[in-house]
Each structure stands twice: as structure tokens, then as C-alpha cells.
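Architecture at a glance
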Amino acid sequence: QVQLVESGGGLVQAGGSLRLSCAASGSIFSINAMGWYRQAPGKERELVAAIFSTASITSYADSVKGRFTISRDNAKNTVYLQMNSLKPEDTAVYYCNAKAYSSYWGRGTQVTVSS
């Protein structure tokens, strides 16, 4: 089992920045990749960014490339999502995900970007 706890969401004006954190606990040795997803009202959940355990390879959705950066601190078992140049369309609930033997989800954190 893997437990994930997100933090760092909030309200920010367009053009601003936020940093989300996802702290993992439990069977973290089994994690192959971690990612951030988001879900806006009336829309499907979408992958925003992912980081793979092997070689720290990262992947981003086209809509956030150049603005968001995913990183991890292995000593703290934490993954971060630095979000810069935020836009109103980035407004969503952001979820942390860990892929191990199963897929695990955090409860989500709300990000609201005002215009």
C-alpha cells in the first residue's frame, strides 16, 4: 500500500505561481512512477506531468510544457509540481498518483487561478 498526501493548492492570480507537494509513505520501494493529474469541473481527469523512478525521466502535457516542472526529493519521499505563469484554464483539482503494483491516488488539492 502507498499513501499520498497533497498540499500547496490555493487561489492565485493569472501569471502567478504555486508549488504543489505530494508526500508518499508506505511501500514506496514499489513505486515505478509518480505523476500529477488534474480534473476541472465537467472535464475528465488528465495527466499533467509524470516522473519515472528510472533516470528521473519526466513527461508533460503539451498545455503545461515550459510552465510546469515536476521534481522529486527522494530523501523526503516527496514529489513537487512547480507551476509558473498560471492561467485561468489551469483551475482544477490536482491529484497526485503513484504507480506501483497498483495505482494509488491522493485526495487532491484545489488550484484556482483568477483572471
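None of these values were measured; they are calculated from a predicted model. (Residues numbered from 1 in each chain as written. Predicted model: local features only at pLDDT ≥ 70, side-chain atom pairs only at ≥ 80, totals over all residues. Heavy atoms only, no water.)

What follows concerns the sheet that holds strand E1 (residues 2-7). Here four strands make up an open sheet; going across it, the order is E1-E3-E8-E7 and the pairing antiparallel. Both edges of this open sheet fall to E1 and strand E7 (68-73), since each of them pairs with a single strand only. Within this sheet the neighbouring strands show an average axis-to-axis angle of 20°, counted without direction. When E7 meets strand E8 (residues 78-83), the two strands line up antiparallel, connected through six bridges. Bridge pairing in E8 places Ser 71 opposite Tyr 80. (Pairing = 2+ DSSP bridges. Helix = DSSP H or I, 4+ residues; strand = E, 2+ residues; numbered from the N terminus. Axes fitted to C-alpha atoms, helices over the stretch in contact; angles between N-to-C directions.)

Here we take up the layout of surface pockets. Taken as a whole, the largest pocket spans an internal volume of roughly 210 Å³. Along its surface, the largest pocket is lined by Ala 24, Ile 28, Ile 31, Met 34, Ile 51, Ser 53, Arg 72, Asp 73, Asn 74, Asn 77, Thr 78 and Val 79. When residues of the lining of the largest pocket are traced back to their parent elements, those giving at least two are E7 and E8. The residue makeup of the lining of the second largest pocket, split by class, is two nonpolar, two polar and eight charged. (1 Å grid on protein atoms, 1.4 Å probe; cavity = no way out; pocket = protein on both sides within 12 Å on 5 of 7 lines; lining within 4 Å. Points joined across faces, edges and corners; volume = space filled by probe spheres on them. Nonpolar A, V, L, I, M, F, W, Y, C, P; charged D, E, K, R; others polar.)

In this section: the state of the cysteines. In this structure the tally under the stated criterion is one disulfide. Disulfide partner of Cys 22: Cys 96, at an S-S distance of 2.0 Å. The chirality of the disulfide connecting Cys 22 with Cys 96 is left-handed, given an S-S dihedral of about -80°. Highlighted residues: Cys 22 in strand E3 (residues 18-26) and Cys 96 in strand E9 (residues 92-99), separated in sequence by 74 residues. Both residues of the pair, Cys 22 and Cys 96, count as buried. (Disulfide = S-S within 2.5 Å. Buried < 20%, exposed > 50% of the residue type's maximum accessible area, 1.4 Å probe, protein only.)

Honestly, it's all geometry; don't read function into it.
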